[in-house]
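The chain contents come next:
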Amino acid sequence: MTITSLLPRRIAYLVGALALAGALAGCVSNPALQSARLDSTPRIAVISAFAPEITVLLPQVQQPARHSVNGVEFTTGTLQGKPVVVFLSGISMTNAAMNTQLVLDRFNVSHIVFSGIAGGVNPGLHIGDVTVPARWGQYMEWLMAREDQPGKYTAPGWMQAELTLPAFGMMHPRPVEVRSAANPKVTQKFWFEADPRMLAVANGLAAVPLAHCHASHCLKERPRMVVGGNGVSGQAFVDNKAFREYAFKTFEANVLDMETAATAMVAHSNGVPYIAFRSLSDLAGGGDGANEMDTFMHLAAANSAKVLQAFLAAWK
C-alpha cells in the first residue's frame, strides 16, 4: 500500500476526530445539558440534618412543590409568609457541605437557615435550650501528632504556626483552607461567622414558648433561647465527658453537632448569609446517666423549629 493510498483514510480519521471533539465540546458548553436551576424565586434555604428535625416544618409549608436532585428531595413553598426551599442535608459534614452546595446551585437562595438538634457543651445550658451561635468552627480538622515519648506528642515544625489551639492528647485542631468568590486566594480560617443582621433579628425575638415535656418525660429546667457564643462541628457523635469539657474550655462552645460548620463554610465560599438554630437533645456525655438524645430529640427538634418559625415571621 502506498503513502498516497493512505492519505484518504488519514484525512477521514482526522475529520472524524475533529467532529467528535466538536461534539464533546458542544456537550460541555450546551446550557441545556448543564445543571439548571429548578426555580428562580429568591428563597431562604431551610436545612435540617435528619427526619425528626424536619417533620415539624414540612407540614407548615404552604403551596408545597417537590423537586428531587441526586436523591435529595427539596420542597419549595412559603413558611411564615417567606419563600423557602426546605430539605434534609443528611447527617455528617460531607453530606451537609455537598447538599448545601447543591441547593445553592439549583435554587435562587438568598439566605441559609439550619434547624436541628445538638449536644450541649456549655455546662450552663440544659436539654431543650435553643442556641443561636454567632460563629461555627470545625474542630476535627486535626493533626494526629507523633508520640515521641509516652504521652508526649510533637507536631511537624512546618505546621507549628497553624496550631494555635490546645490539643486533646495527640489531636491538634487546625484551621481549614478556604476560598470564596470575594477572596479567591486560599486562606486559612477556623471560625465562620453567622450573618450579623440575621443574628440581630434572632436576638430581638419575643419569648418563644418552648416545650419542656415530651410523652411522659419532662425536663427539670424550663428551656430558653441563647443567642451568641460559639458552636463547633465534626464527624463524630460525641458522648464523652472529657472531650465535652475540652470542647467547652478550648472553643468556648455552647454546642457541638455534625453539620453546621460545614454548611457555614459553603455559605462563606458562596457569599450567602447564614444562621443556625440548634436545640440541645443531650449533653454530649455530660449527663449523670446514659445519653438522652433518644428521649429528648423530638422535643429539641420541635423547640428549634419553633424558634426558626418565629425568626422567619420576624424576618424582613
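Scroll up for the structure.
So, how was this worked out
Position labels on residues start from 1 in each chain and follow its written sequence. Thresholds applied to this predicted model are a pLDDT of at least 70 for local features of residues and 80 or more for the giving and counting of side-chain atom pairs; totals over whole chains, interfaces and linings are not thresholded and use all residues. Water and hydrogen atoms play no part in the side-chain values, which are based on all heavy atoms of the structure. Using a 1.4 Å probe on the protein chains alone, a residue whose accessible area is under 20% of its type maximum counts as buried, one over 50% counts as exposed, and one in between counts as partly exposed. Under the scheme used here, helices are H or I runs from DSSP no shorter than 4 residues and strands are E runs no shorter than 2 residues, and both carry numbers assigned from the N terminus. Two strands qualify as a pair provided that DSSP identifies no fewer than 2 bridges between them. Here, nonpolar core refers to any group of buried Ala, Val, Leu, Ile, Met, Phe, Trp, Tyr and Cys residues whose side-chain atoms link them within 4.5 Å. Residue contacts are defined here by distance: any two heavy atoms, one from each residue, within 4.5 Å place the two residues in contact. Stacked, tilted and edge-to-face are the three classes applied to pairs of Phe, Tyr and Trp rings, where Trp contributes its six-membered ring and a pair requires centres within 6.5 Å; stacked means planes under 30 degrees apart, edge-to-face means over 60, and tilted covers the rest. Here, over-ring charges are defined by two tests on the NZ atom of lysine or the CZ atom of arginine: distance to the ring centre within 6 Å, and angle to the ring normal within 35 degrees.

## Concerning the pairing of strand 4 (residues 82–88)
Then step 1. With 5 of 7 residues buried, strand 4 is to be regarded as a mostly interior element.
Then step 2. Summarising the sheet, strand 3 (residues 72–79) and strand 4 pair through 5 bridges and their orientation is antiparallel. The residue of strand 4 that forms the bridge with Gly-77 is Val-84.
Then step 3. Hairpin connection, strand 3 to strand 4: the antiparallel pair is bridged by 2 residues, and Gln-80 has positive phi, about 55°.

## With respect to the nonpolar core
Then step 1. Among the nonpolar cores identified, the biggest contains 65 residues, and Phe-74, Val-103, Val-109, Ile-112, Ile-275, Phe-277 and Phe-311 are the most heavily contacted of them.
Then step 2. Residue contributions to this core peak at 7 residues, all from helix 7 (residues 293–314).
Then step 3. For Phe-74, the contacting residues outside a window of four places in its chain are Ala-65, Arg-66, His-67, Val-69, Val-85, Val-86, Phe-87, Leu-102, Val-103 and Phe-107.
Then step 4. Within the second largest apolar cluster, 15 residues are counted, among which are Val-238, Phe-243, Tyr-246 and Leu-256.

## Side note on the packing of aromatic side chains
Describing an aromatic ring pair means giving the distance of the ring centres and the angle of the ring planes.
Then step 1. Considering all chains together, one arrives at 14 aromatic pairs under this definition.
Then step 2. When the ring of Phe-190 is compared with that of Trp-191, the centres are 4.9 Å apart and the planes differ by 80°; the resulting orientation is edge-to-face. Each member of the pair, Phe-190 as well as Trp-191, is classed as buried.
Then step 3. Through successive ring pairs, a cluster of aromatic residues spans Tyr-139, Trp-142, Phe-168, Phe-190, Trp-191, Phe-243, Tyr-246 and Phe-251.
Then step 4. Positioned above the aromatic ring of Phe-192, the side-chain terminus of Lys-189 is 5.5 Å from the ring centre.
Then step 5. The ring of Trp-315 has Arg-197 sitting right over it, with the charged end atom 4.2 Å from the ring centre.

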